[in-house]
Amino acid sequence: MFSAETEAKFKHLASIYPRKRSALIPMLLLAQREHSYIKPETIDYVGKYLDLNPSEVDSIMSFYTLLRRHPAGKYHIMICTNLACMLQGSDDIEACVRRKLGVGLGEITPDGLFSAIEFECLGSCTTAPVMQINGEFYENLDVHKTEAILDELRKRG
Ligand code: FES
C-alpha cells in the first residue's frame, strides 16, 4: 500500500511516542505525501497500525484541514484569502492562479501537476499576500511573481 520508505517511517513513528496514537497525524501526513490525499483504505490501515478504530481516525482527521480526502496535483497550491491577504490583493493572486492553471479551485490540471484551493490564514499575515505550495511559503506576492513561480514549477514538471 505504501513504499518501503514510507513503511519504514511509519514503523519508526509508531515506536517513538509513549502512546502509539500520538503518531497518527505524522503518519497521515506521510500517507498524504505519498498518495496526494488520505484514501479511505488508509484510514483503516493507519487505524490498525495504531490500534485505533477507523471512526476515531476519521473524526480526528476532520479537525485538520491540511489532511485532504480528495486527490490533489503534484503541486498543491493553498492561496490565503483571509483579511490581511485579501487587503493586499489575494483576489488578483487567485485569479492569476486560475488563469495560469486553466482550471478552477479544487480541480486538478489535466497533466496532474497542479491543484489549488483557497485557504484561511496561513499565519504569515505580515508578508501578505501569501500562498503555500507543498508546505513551502511564497510571500509578498504580486501577479508577476505568481506567474514566475508557476512557470518555474511547470518547467520542473
Ligand atoms: S491573512 Fe493571509 S497569512 Fe494571514
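Before any of the text, the structure's been laid out above.
S.K.: Explanation requested: the overall build of the protein chain in the structure shown.
M.R.: The number of helices and strands found in the protein chain is seven helices and four strands. Going from N to C terminus, the protein chain has its helices and strands arranged as α-α-α-α-β-α-α-β-β-β-α. Taken over the C-alpha atoms alone, the protein chain extends approximately 50 × 30 × 25 Å along its principal axes. Going through the 157 residues of the protein chain one by one, you find that 26% of them count as buried. Partitioning the intrachain contacts of the protein chain with sequence separation of at least 6 by distance along the chain shows that 60% fall at a separation of at least 24.

S.K.: What am I meant to see in unusual backbone geometry here?
M.R.: Of note, the amide linkage connecting alanine 128 to proline 129 takes the cis form, showing an omega dihedral of 0°. Mapped onto the secondary structure, proline 129 falls in the loop between strand 2 (114-119) and strand 3 (131-133). Its identity is not glycine, yet asparagine 134 carries a phi of approximately 50°, on the positive side. You can see asparagine 134 is positioned in the loop between strand 3 and strand 4 (136-138).

S.K.: Help me understand the packing of helix 6 (residues 90-101) against helix 7 (residues 143-156) in this model?
M.R.: A pair of packed helices can be characterised by two numbers: the angle between their axes and the separation between those axes. The interhelical angle for the contact between helix 6 and helix 7, taken along N-to-C directions, is 35°, at an axis separation of 9 Å. Our pair here, helix 6 against helix 7, has a crossing hand that is right-handed. Counting all contacts with helix 6, which are made through Asp92, Ile93, Cys96, Val97 and Lys100, the residues of helix 7 involved are Val143, Thr146, Glu147 and Leu150. Within the contact of helix 6 with helix 7, the residues separate by chemical class into five nonpolar, one polar and three charged.

S.K.: Help me understand the nonpolar core in this model?
M.R.: Among soluble globular proteins, nonpolar side chains are generally buried collectively. Ranked by size, the top nonpolar core spans 17 residues in total, and within it Ile77, Ile79, Val97, Val130 and Met131 carry the most contacts. Broken down by element, the residue count for this core peaks at five residues, all from strand 1 (residues 75-80). Core analysis: the next-biggest nonpolar cluster, separate from the first, contains 13 residues, Leu24, Leu30, Ala31 and Val46 among them.

Thresholds applied
Residue numbers restart at each chain and count upward from 1, following the sequence in its written direction. Residue-level local features of this predicted model are given only where pLDDT is at least 70; pairs of side-chain atoms are given and counted only at 80 or more, and the full residue set underlies all totals for whole chains, interfaces and linings. Counting from the N terminus, the helices are DSSP H or I runs at least four residues long and the strands are E runs at least two residues long. In this scheme every C-beta is placed from the backbone, and a residue whose C-beta has 20 or more other C-beta atoms within 10 Å is buried, one with 12 or fewer is exposed, and one in between is partly exposed. What counts as a contact is two residues whose backbone-derived C-beta atoms lie within 7 Å of each other. Orientation is described by lines fitted to C-alpha atoms, with helices fitted over the stretch in contact, and by angles between N-to-C directions that extend from 0 to 180 degrees. By definition, turning the near helix anticlockwise from the far helix through less than a right angle yields a left-handed crossing, and turning it clockwise yields a right-handed one. Note on residue categories: nonpolar means Ala, Val, Leu, Ile, Met, Phe, Trp, Tyr, Cys or Pro, charged means Asp, Glu, Lys or Arg, and polar means any other residue, Gly included. Think of a nonpolar core as buried Ala, Val, Leu, Ile, Met, Phe, Trp, Tyr and Cys residues, each tied to the set through C-beta atoms within 7 Å.

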